Amino acid sequence: MHPELFGVRLYPVFLGLGIATGTAVTLCSARRIGVPWGRLSALLALLCLGALAGAKVHAGIEGGGGWPGITNLSRGFRHPGGMLGLVVALPLARRLLHVHLSVAALADPLAPAAGVAMALVRLGCFLAGCCHGGPSTLPWAVRFPAHSFAWEGQVAGGLLANDAPQSLPVHPLQLYFALTALLATLVALRVRRSQRDPGQVALSFVAADNTARFLLEFLRAEPVPHLCWLAAGIGGAATAGLLLMSVRRRRTRAGVQAASG
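As the structure is a prediction and not an experimental result, all values here were calculated from the model. (Residues numbered from 1 in each chain as written. Predicted model: local features only at pLDDT ≥ 70, side-chain atom pairs only at ≥ 80, totals over all residues. Heavy atoms only, no water.)

Undergrad: I tried to follow the nonpolar core on my own but got confused; where do I start?
TA: Taken as a class, soluble globular proteins show a tendency for nonpolar side chains to be buried jointly. In this structure, Leu40, Leu43, Leu47 and Phe205 are the most contacted members of the largest nonpolar core, which totals 29 residues. When residues of this core are traced back to their parent elements, those giving at least two are helix H3 (37-62), helix H4 (79-96), helix H5 (103-128), helix H7 (173-193) and helix H8 (200-216). Per element, the largest residue contribution to this core is 6 residues, and it comes from H5. Excluding residues that lie within four positions of it along the chain, Phe205 makes contacts with Ala111, Ala114, Gly115, Met118, Ala181, Ala184, Thr185 and Ala188. (Core = buried A, V, L, I, M, F, W, Y, C linked by side-chain atoms within 4.5 Å. Buried < 20%, exposed > 50% of the residue type's maximum accessible area, 1.4 Å probe, protein only. Helix = DSSP H or I, 4+ residues; strand = E, 2+ residues; numbered from the N terminus. Contact = heavy atoms within 4.5 Å.)

Undergrad: Would you mind showing me how to read the side chain of His171 here?
TA: Tracing the chain through its elements places His171 in the loop between helix H6 (149-156) and H7. Judged by relative accessible area, which is 12%, His171 ranks as buried. Setting aside anything within four residues of it in sequence, one finds His171 in contact with His132, Gly133, Gly134, Pro135, Ser136, Leu138, Tyr176 and Leu219.

Undergrad: Would you mind going over the packing of aromatic side chains with me for this structure?
TA: Any pair of aromatic rings gets described here by the distance separating the centres and the angle formed by the planes. Under the counting rule described, the total for this entry stands at 3 aromatic pairs. Seen in terms of ring centroids, Phe214 and Trp229 are 5.6 Å apart; in terms of plane orientation they differ by 50 degrees. Their pairing is tilted. Here Trp229 lies in helix H9 (residues 225-260) and Phe214 lies in helix H8, a separation of 15 residues in the sequence. Through successive ring pairs, a cluster of aromatic residues spans Phe214, Phe218 and Trp229. (Phe/Tyr/Trp six-rings, centres within 6.5 Å; stacked < 30°, edge-to-face > 60°.)

Undergrad: Where do I start with the pattern of salt bridges in this structure?
TA: Opposite charge on two side chains permits pairing when their charged atoms draw close. Evaluation of the coordinates by the stated rule reveals 4 salt bridges. Across the pair Glu217 and Arg220 runs a salt bridge whose closest N-O atoms are separated by 2.8 Å. Given a relative accessible area of 9%, Arg220 falls into the buried group. A cluster of three or more residues bridged by salt bridges with shared partners is formed by Asp197, Arg248 and Arg249. (Salt bridge = Lys/Arg side-chain N within 4 Å of Asp/Glu carboxyl O.)

It is worth stressing that arrangement in space is one thing and function is another; only the former is reported here.
Take a look at the structure:
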C-alpha cells in the first residue's frame, strides 16, 4: 500500500486519471456517433459531476448521515450511487445541451469508457488500501502495512496484535474489481461489433459488471449486504433489458417474414 507519493495522495490522482481516460475514450467516439466534440465534452463534464455526486450521496446515506465532504476526494464514494447519478444526469444533460440522440444511443459509447475509468479508480483503491477483501490463503493474497485499513480492521477484530508490522494476507479485492471492470469492457466491445439495438452495448456492460460485482462483494472484509443486492438487482435488470430486446427483434423479424410471405 502506497497511499502517498512525494506527499501527494494517490487515490484522488487515480480518480482524476480515470475520469480523464474515460473522457478521452468517449471523445474518440464523437465522430462515430455524430455529436460535436465540444458539445460531447460539456455532456461528459455534467455526467462526471452527476456520477460523483451520486457516489457521495450513497456513501452519506450508508454512513447514517455522516456525509463525507464533497471536496474530500480521498474517500467516501459508492459505485451504485455513482451509477444512479449517471442515469439521472444523462437525460437531463442531453436535454440541456440539445443533443439529438436517444439516451440509449448516448449510453453505448459511455460503457467501455466507464469500464476503463473504473479499473483505474480501483488501482487507486488498492494503493490507498481501502475496499480490501477478507483473509485469504491464496498465493496472490496481499499484506497491507501497519495502520492500513486492513491492519486496523484485523486489530479491532482480535485477529492481529496491535504491534504487528503488517496485516494478515487478504484478497486483493480492489484488483478483482479492476479486472472485472476491464472484462465487462471487453464484453461491451464484443457486443458492439454485432450491435442491433441502441442501448445493447451499455446494457451488456452493466449486466456483466454487476453480476461480477455481486459475486465479489462476498469477499469483502466487512460485507455490506445492500451492495450485494444492489449489484444483483442492477445486473438482473440489465439482463432483463437484453432479453426484451432479443424478444422484440424476433417478433419484428417474424412479422416481416409473415408480411413478405
